[in-house]
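# Notes for the structure review
Letter by letter, the chains look like this.
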Amino acid sequence: MTSHDWSGAIARAEAHSPFLAQGLDRLPALAALLARGGGEAALDLAKQAGAGIDDVGVSLRREKRALGLALAFGDLAGAFPLDRIMAELSQFADRALDRAIAAAIAARVPGAEPAGFLALALGKHGAGELNYSSDIDPILLYDPALLPRRGRDDPGEAAQRVARSLMEIMSHVTAEGYVFRVDLRLRPASEVAPLAIPIGAALTHYESSALAWERAAFIRARACAGDVPAGEAFLAAIRPFVWRRSLDFGAIAEIARLTRQIRANYAGPPRPGPGFDLKKGRGGIREIEFFAQTHQMIHGGRRPELRVRGTRASLDALAGAGLIDPADAELLGTSYDRLRIIEHRLQMVADQQTHMLPLDPAALDGVARLDGLADGAALVAELAAISEAVGARYDALLAQHSDDGTSIPLAAPRGGALTEQLAQLGFTDPAALADRISGWRSGKVRALRSEAARAAFDAIQAPLMAAFAQSPEPERALLRWEQLLAGLPSALGLFHLLEARPALIGLLVRILGLAPPLADALARRADLLDPLIDASAFDLPGAVPELAEYFARCEEGDDYEALLGCVRRRVGEARFALGVQLIEHVRDPLEVAAALSRVAEAALTVLAGAARRAFEALHGRVPGSDLVILGLGRLGGGALTHASDLDLVFLFTGDHGGESDGKRPLGATLYFNRLAQRVIAALSVPTAEGALYEVDTRLRPSGAQGPIAVTFDSFARYQNESAWTWEHMALTRARTLYGPEQARDELDAIIAQVLSAPRDVAKLRADVLHMRGEMAEHKPPTSALDVKLQRGGLVDLEFLIHYQQLRHGKALLPDLAAALRELIAADLLPEALLPAHERLTRFLIAARLLAPEGEDPPPAAREALALACEYRDWDDLLTGLQSARVAVAAAWHDTFGKQLELQR
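Overview of the structure. Because the structure is a prediction, the values reported are computed rather than measured.

Attention now moves to the sheet that holds strand β3 (residues 196-198). The four strands lie next to each other as β3-β2-β1-β4, forming an open sheet whose pairing is mixed. The open sheet has two edge strands with one neighbour each: β3 and β4 (222-226). In this sheet, adjacent strand axes meet at a mean angle of 35° when their direction is disregarded. Across three bridges, strand β2 (residues 139-142) lies against β3 in parallel orientation.

Structure below.
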């Protein structure tokens with residue numbers, strides 16, 4: 001009997017996969033089974049995770065989470081083979097779609113069977129080859145004569161209602177997550193067609209006007225949910241479209257164009273390494289799939305045994321039919337399995353739909369070690385061998401099928417005017433870059449699909465390439481540009497903007513090369529560049545009331561959802577502009593941090609008010625009680641970074657005995673806890689405009705074990721009788737952000753009383769030292785540049801400030817810099833700590849943009865960090881940071897009599 005390494009799987013996941021490690025914490029019963037090696041039992045338990053829950057969306061989300069966790073650990077332990085994992089995920093997608101269809105129909109026609117409405121699975125879902133983070137690409141069809149509906153409902157309207165409800169159940173992101181991202185763009189005429197298509201109209205389309213790529217898509221199609229017999233009948237009806245018995249020259253040309261586009265479409269690094277795409281790159285997953293499908297399209301019309309869906313099954317069938325070399329089939333099949341396994345490892349790290357090897361070497365090492373390899377270099381070496389072997393066989397396929405019977409060029413020509421122009425600009429491999437540009441322009445990339453888009457790109461290509469050539473990190477910037485293009489549905493507006501404002505081209509390239517978080521934001525919203533044409537974009541945002549008034553102006557009537565989206569847009573624009581100000585050295589990072597805090601406070605003010613009004617419309621108000629929101633951490637201190645979450649505590653005035661006066665009354669405690677949840681959702685739940693902030697409420701009384709919102713009396717009693725010293729340290733940075741003025745004053749008085757109360761100095765000292773020791777042991781610095789957690793860094797400096805604040809009841813100000821100045825003035829801390837605090841804080845704020853993973857930054861980012869922190873160069877900056885840590889260590893020794901070990 002084969003032994004499986006369950007303990008090793010868990011250890012690797014805890015070390016290298018935050019997503020899986022969090023899953024173990026959230027599902028302890030499942031974690032216990034996995035720890036004992038009970039893979040099958042864990043899988044059975046996972047499939048019951050949603051049992052007994054009436055809400056289909058919640059039920060499916062819980063099953064998805066548990067199933068993914070059980071499969072992932074079975075995968076890592078070697079207990080579940082790849083085909084089992086892909087099949088289980090695909091079968092869950094079938095079940096989920098089926099339940100979503102049934103629920104959507106039953107919501108309108110209770111008790112009705114889902115006759116006349118069906119889902120066809122295409123792509124990896126159709127093949128039974130889903131990965132952990134796959135989209136699903138169904139086509140939704142309906143029979144107007146059979147679809148259950150109310151008597152007055154039009155069949156088409158009823159079908160669209162079912163489709164919209166299905167999308168909501170499956171794809172809407174809730175506190176439980178989502179089931180699957182559903183992409184309906186493979187349906188006929190997706191640009192103009194409704195979400196669900198009548199079966200008759202779909203038949204007409206495929207019989208008369210479908211394109212070659214739709215033929216390829218239906219090779220792997222199957223009826224998976226809803227009225228499955230009707231779906232199978234539909235697929236039987238279009239079989240002659242998919243599987244043509246004879247090939248004419250036009251069909252051969254179609255195959256040639258499809259195979260050629262695979263290579264031309266890829267715009268990333270040509271060989272495995274950081275940034276290489278396992279799916280789209282040369283010798284990758286897509287080339288193996290298309291190798292099999294191309295042969296199926298050519299021969300499957302006359303050879304029914306080739307009409308199989310799975311990639312390995314297709315390769316085996318082709319080899320069995322003597323159409324490809326069995327050795328090639330074995331090599332391609334084995335390579336396919338290994339590429340899919342590595343794809344799974346990439347997706348296990350953070351539950352992201354990614355196929356790209358990390359750009360960061362440390363992250364690449366983490367993926368390799370999650371897989372059981374020594375490091376990223378070993379992984380890249382293995383992938384290089386696979387890519388070369390697969391790529392050579394795909395090259396041969398490309399050479400076989402061209403429009404005129406001659407071989408197809410593997411890429412754009414390496415000579416010509418473009419190559420010469422790129423050489424003159426100084427690129428090290430101008431021919432390779434010319435090939436990449438040809439890939440961008442292939443038409444398969446959505447952003448460059450139209451003639452208008454390509455013409456607009458032509459107008460900016462020369463200055464854009466010149467800007468890349470002048471970039472200190474041209475390859476890094478080019479990779480980000482390619483990711484930006486790949487993520488945009490249309491880039492026409494961006495191209496026109498850059499043509500009209502050429503100065504923005506250089507700025508764009510600097511953003512792409514220097515600041516990954518800003519580049520990621522641009523990939524989601526290219527229109528973030530638009531406001532930068534106005535010089536006022538480089539002004540600091542105003543005071544909180546002014547910002548709140550601006551954010552609130554975007555409200556359209558009483559549309560709560562429209563307000564959420566609009567605030568997200570405007571906050572995103574403000575945060576992006578502040579990031580640009582920082583990397584362009586227009587503003588001191590300390591000014592940027594204060595401005596980011598004002599933006600967040602204004603957003604909180606507007607969204608808390610909107611959430612309260614929407615809540616009151618249903619539940620009324622609790623007489624004599626009001627919601628009050630307290631900010632702590634960096635938000636309380638008024639100095640956020642671009643990566644900061646919001647530390648919030650929710651309180652309410654009055655007592656527990658009240659009740660709201662609305663049409664759905666609630667007791668006071670339940671009322672304010674639900675209202676607090678509504679505010680958290682308004683701040684954190686992603687909408688069509690994206691996410692806003694992560695909210696952390698763990699600093700509330702009793703932490704995660706306590707209710708989200710408590711009364712002022714409960715808060716005061718807890719702080720005076722039960723709170724730990726670290727909670728009082730956190731409270732020194734508390735600032736009331738939302739609530740009536742009188743309530744704010746009352747809360748400020750409670751906090752002042754708690755913080756200024758007499759203390760046992762020996763116990764305070766012991767608690768502070770113990771807490772810092774525990775933190776050093778369990779949360780060590782992530783790198784040599786972690787100025788927050790390194791000894792002598794910001795955490796030690798903050799502990800010094802908080803210790804003196806609590807010991808003497810002085811300088812009780814949430815702004816750390818202001819508190820430090822008062823403590824220095826009172827001769828409680830040395831003056832050298834003020835410049836040390838400024839140096840360390842500037843670096844932290846700037847590094848969140850310029851070195852967000854804590855890695856050793858490339859030369860251009862080093863220079864930008866040095867300038868942002870007001871140093872001549874990188875070495876000068878490192879010397880300054882070290883001197884700041886020495887100053888903190890000296891103050892620590894003077895205060896506690898303890899020597900800090902400083903690592904360089």
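Back to the text.
What follows is about the pattern of salt bridges. Enumeration over the complete set of coordinates arrives at 45 salt bridges. Two residues, E129 and R220, come together in a salt bridge whose shortest N-O distance is 3.6 Å. Of this pair, E129 sits in the loop between α7 (123-127) and β2 while R220 is found in the loop between α10 (212-218) and β4, placing the two residues 91 residues apart along the sequence. Looking at E129, the relative accessible area reads 5%, which means it is buried. Judged by relative accessible area, R220 falls into the buried class, the value being 9%. For the salt bridge of R312 with E330, the shortest nitrogen-to-oxygen distance reads 3.8 Å. One end of the pair, R312, is in helix α15 (residues 311-320); the other, E330, is in helix α16 (residues 326-350), and 18 residues separate them in sequence.

Moving on, we come to the nonpolar core. Within the largest apolar cluster, 174 residues are counted, with the highest numbers of intra-cluster contacts made by W440, F468, W481, F576, F650, V679 and F843. Sort the elements by how many residues they give to this core and helix α28 (residues 589-619) lands first, with 15 residues. Here W440 is in contact with A264, A267, V445, L448, F457, M465, L478, W481, E482 and L485, once residues within four sequence places are set aside. Counting 61 residues, the second-largest nonpolar core is a separate cluster that includes I136, V179, F180 and C224.

It is worth spelling out the packing of aromatic side chains at this point. Tallying each qualifying case throughout the model produces 15 aromatic pairs. Geometrically, the ring pair formed by Y671 and F672 is edge-to-face, given 4.9 Å between the ring centres and 75° between the ring planes. Assessed through its relative accessible area of 2%, Y671 is described here as buried. For F672, a relative accessible area of 2% corresponds to the buried category. Across from the ring centre of Y550, 4.3 Å away, lies the NZ or CZ of R570, which sits over that ring.

Glancing now at the side chain of D371. Mapped onto the elements, D371 comes out in the loop between α17 (361-370) and α18 (376-400). A distance of 2.5 Å separates a polar atom in the side chain of D371 from a polar atom in the side chain of R338. Setting aside chain neighbours within four positions, we find D371 in contact with R12, R338, I341, I342 and R345.

Looking now at the side chain of Q790. By the secondary structure assignment, Q790 is in the loop between α34 (761-778) and α35 (794-808). Under the relative-accessibility criterion, Q790 is labelled buried at 7%. A polar contact of 3.0 Å, which involves the side chain of Q790, links it to the backbone oxygen of A784. For Q790, the side chain forms a polar contact with the side chain of R885, separated by 3.4 Å. The residues touching Q790, leaving out its near neighbours within four places in the chain, are R772, P781, S783, A784, D796, R885 and Q903.

Conventions we followed
- Residues numbered from 1 in each chain as written.
- Predicted model: local features only at pLDDT ≥ 70, side-chain atom pairs only at ≥ 80, totals over all residues.
- Heavy atoms only, no water.
- Pairing = 2+ DSSP bridges.
- Helix = DSSP H or I, 4+ residues; strand = E, 2+ residues; numbered from the N terminus.
- Axes fitted to C-alpha atoms, helices over the stretch in contact; angles between N-to-C directions.
- Salt bridge = Lys/Arg side-chain N within 4 Å of Asp/Glu carboxyl O.
- Buried < 20%, exposed > 50% of the residue type's maximum accessible area, 1.4 Å probe, protein only.
- Core = buried A, V, L, I, M, F, W, Y, C linked by side-chain atoms within 4.5 Å.
- Contact = heavy atoms within 4.5 Å.
- Phe/Tyr/Trp six-rings, centres within 6.5 Å; stacked < 30°, edge-to-face > 60°.
- Lys NZ or Arg CZ within 6 Å of the ring centre and 35° of its normal.
- Polar contact = N/O pair within 3.5 Å; in protein donor to acceptor, adjacent residues only side chain to side chain.

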